[in-house]
Amino acid sequence: MRRGIQYSRKSTNPRDFLDEKEGIKYQEQVMDEYSIKHNIEIIARYSDVGYSGVHTQRPELLEMLDFLKKSEEKIDVLLFFSVDRLGRDLRNNINLALKISGFVNKIVFVSEGITNNYEHFKLFLILKSIVAEEERINIITRLAGGRRTKVMNRKIYSGNKAPLGYVQKKDGSLKLASLDETKDLTDIIGLEAVNYIF
């Protein structure tokens with residue numbers, strides 16, 4: 001029986017889940033089925049929830065890399081659900097795959113059915129990483145468009161920080177950052193900046 005490790009990632013914690021781990025249960029289940037079918041004993045599981053695939057400074061990813069580095073014997077298999085769970089940045093994905101290859105005998109992207117001993121693995125990794133990066137940009141664009149539509153149509157903003165030149169009231173509505181609406185000098189200066197620009 002070969003020794004294996006699993007890594008899962010979910011950038012946002014989905015609503016209606018009892019705990020954050022439930023958001024990645026599907027990934028783990030698919031990798032477990034793969035492990036059983038291919039006679040792999042999973043000795044460690046790592047999962048990052050709420051961390052973007054753009055960055056490599058994810059706690060569980062760093063812990064996994066540290067474990068691999070300190071392990072006295074090479075791990076047989078490292079399982080990822082898919083390339084975009086490794087990350088959504090081309091350069092970072094290539095660097096991570098190269099680093100990980102030094103610590104494990106085999107990297108497997110389960111949903112794509114590809115391993116690092118596949119003849120065209122490097123080309124595949126590059127292409128899938130480009131697609132993952134583009135998907136990330138599309139997701140951000142769609143979310144921004146949805147927020148913009150919500151603000152324009154309902155005059156309600158749901159975010160951590162109101163747009164420059166506006167203040168967010170308790171009911172979620174946006175108001176121009178005038179002296180009538182706020183005493184915060186930073187917001188008022190923001191409004192003046194927006195007026196100057198436009």
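Use the structure listed above.
## Topic: the sheet that holds strand β4 (residues 104-109)
Piece 1. In spatial order, the strands read β2-β1-β3-β4-β5; together these 5 strands make up an open sheet with mixed pairing. Looking at strand neighbours, the two that pair on one side only are β2 (40-49) and β5 (114-115), the edges of this open sheet.
Piece 2. With 5 bridges connecting them, strand β3 (residues 75-80) and β4 associate as parallel partners. Its bridge partner being in β4, Phe80 is matched across the sheet by Phe109.
Piece 3. Across the sheet, helix α1 (residues 25-37) is in contact with β1 (2-10), β2, β3 and β4; its angle to β1 comes to roughly 160°.
Piece 4. Of the strands in this sheet, β3 and β4 are in contact with helix α4 (residues 90-101), which crosses β4 at around 140°.

## Side note on the pairing of β3
Piece 1. Among the 6 residues of β3, 5 are classified as buried, and the element is accordingly described as predominantly covered.
Piece 2. For β1 and β3, the ladder comprises 4 bridges, and the chain directions are parallel. Note on β3: the bridge partner recorded for Gln6 is Leu79.

Cut-offs and rules
- Residues numbered from 1 in each chain as written.
- Predicted model: local features only at pLDDT ≥ 70, side-chain atom pairs only at ≥ 80, totals over all residues.
- Heavy atoms only, no water.
- Pairing = 2+ DSSP bridges.
- Helix = DSSP H or I, 4+ residues; strand = E, 2+ residues; numbered from the N terminus.
- Contact = heavy atoms within 4.5 Å.
- Axes fitted to C-alpha atoms, helices over the stretch in contact; angles between N-to-C directions.
- Buried < 20%, exposed > 50% of the residue type's maximum accessible area, 1.4 Å probe, protein only.

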